[in-house]
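A structural walkthrough
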Amino acid sequence: MKKTNAKNSRLTVCLLALGIMAFVSNENAAAQQLEVVKDPKLGSVLSQSNKISSRPKPLAPAQKIQIAQKILGGQGQKVSSVNSVITLSVKNMMSVNNQASLGLTRPELVSPSLATFSGSEGNLSVAFTAPSAGKYLIDLSITAGSETKFKLVGEGNILTTTGASANLSFVMDAMKANEVIYFKLSGDAHWLFHSCEISQIK
């Protein structure tokens, strides 16, 4: 009887271990997926990098044009340039002309160069007054682990992404001049915010 119980116990432990391994494997696979809820005011998150050991480099104008073109290519729009770049960071939370502002809610740590967030309570928000109607490329320089799940909320719509990130890039629409574009980004695990660049697409 004791031998049978011992065998059953060993079998149970083996099955449990296999179940855990399968669960972890599925979780890792899910972490590499990108899920987008499309909306006319909020384009797709496009650029992601697995290299998270150092701060992502700012995107060059040519890279921004390429990203914007990939996002808008399905709409038949040709992107020739990006200009009027506004940069927001922990050091510069308000643009020179007060056209854009950055807000940090419940960060874990703030230094002159970055803000650290841990858990879904903290978030960053950006409000931008568009000088004219049109499309604007938003590029967020972020460092995060592959397990982090982000949620981006803009104009009442939600876009979610999982996985390691170096830059989150998306397009937002201004339907008229002086319209205020607003979005909020949060993550459910440890992540770092470096800067946000807003560029007008031409």
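Each helix and strand counted, the protein has two helices and 11 strands in total. Sequence-ordered secondary structure for the protein, helices as α and strands as β, is α-α-β-β-β-β-β-β-β-β-β-β-β. Taken across its 202 residues, the protein has 42% of its residues classed as buried. Element-wise, carbon and sulfur atoms account for 57% of the exposed surface of the protein, whose accessible area totals about 11,200 Å².

Counting through the fold element by element, A174 comes out in strand β9 (residues 167-174). Spatially, the C-alpha atom of A174 lies 7.7 Å from that of Y136, the residues being 38 residues apart in sequence. In contact with A174, other than residues within four places in its own chain, are A130, S132, A133, G134, Y136, E179 and I181.

Once that is clear, we can look at the packing of aromatic side chains. Inspection of the entire model under this criterion finds four aromatic pairs. For the ring pair F128 and Y136, a centre distance of 5.1 Å and an interplane angle of 70° mean the geometry is edge-to-face. Across the pair, exposure class does not vary: F128 and Y136 are buried alike. Each member of the aromatic cluster is reached from another via a ring pair, and the members are F117, F150 and W191.

Glancing now at the nonpolar core. Judged by nonpolar contacts, the single largest core of 29 residues is most densely connected at L140, F183, L185, W191, F193, C196 and I198. For this core, the element with the most residues is strand β6 (residues 134-144), which contributes five residues. With residues near it in sequence (within four places) discarded, F193 still touches L88, S89, V90, L102, S113, L114, A115, F117, L124, L140 and S141. By size, the runner-up hydrophobic cluster in this structure holds 10 residues, among which are I67, L72, V82 and I201.

Take the confidence of the model for the protein next. Fine structural detail should not be taken from predicted coordinates in areas where pLDDT scores are low. Mean pLDDT over the protein works out to 75, with 68% of the residues at or above the 70 mark. No element of the protein has a lower mean pLDDT than helix α1 (residues 2-31), at 38, and none a higher one than strand β2 (residues 100-105), at 97. This stretch, residues 1-38, has a pLDDT under 50; its non-local contacts, to residues over four places away or in other chains, come to 18 contacts. When the criterion is pLDDT under 50, residues 46-53 qualifies, and its contacts beyond four places in sequence or with other chains add up to 26 contacts.

Calculation notes
Residues numbered from 1 in each chain as written. Predicted model: local features only at pLDDT ≥ 70, side-chain atom pairs only at ≥ 80, totals over all residues. Heavy atoms only, no water. Helix = DSSP H or I, 4+ residues; strand = E, 2+ residues; numbered from the N terminus. Buried < 20%, exposed > 50% of the residue type's maximum accessible area, 1.4 Å probe, protein only. Areas by Shrake-Rupley, 256 points an atom, 1.4 Å probe, with all protein chains shown as cover. Contact = heavy atoms within 4.5 Å. Phe/Tyr/Trp six-rings, centres within 6.5 Å; stacked < 30°, edge-to-face > 60°. Core = buried A, V, L, I, M, F, W, Y, C linked by side-chain atoms within 4.5 Å. pLDDT = per-residue confidence, 0-100.

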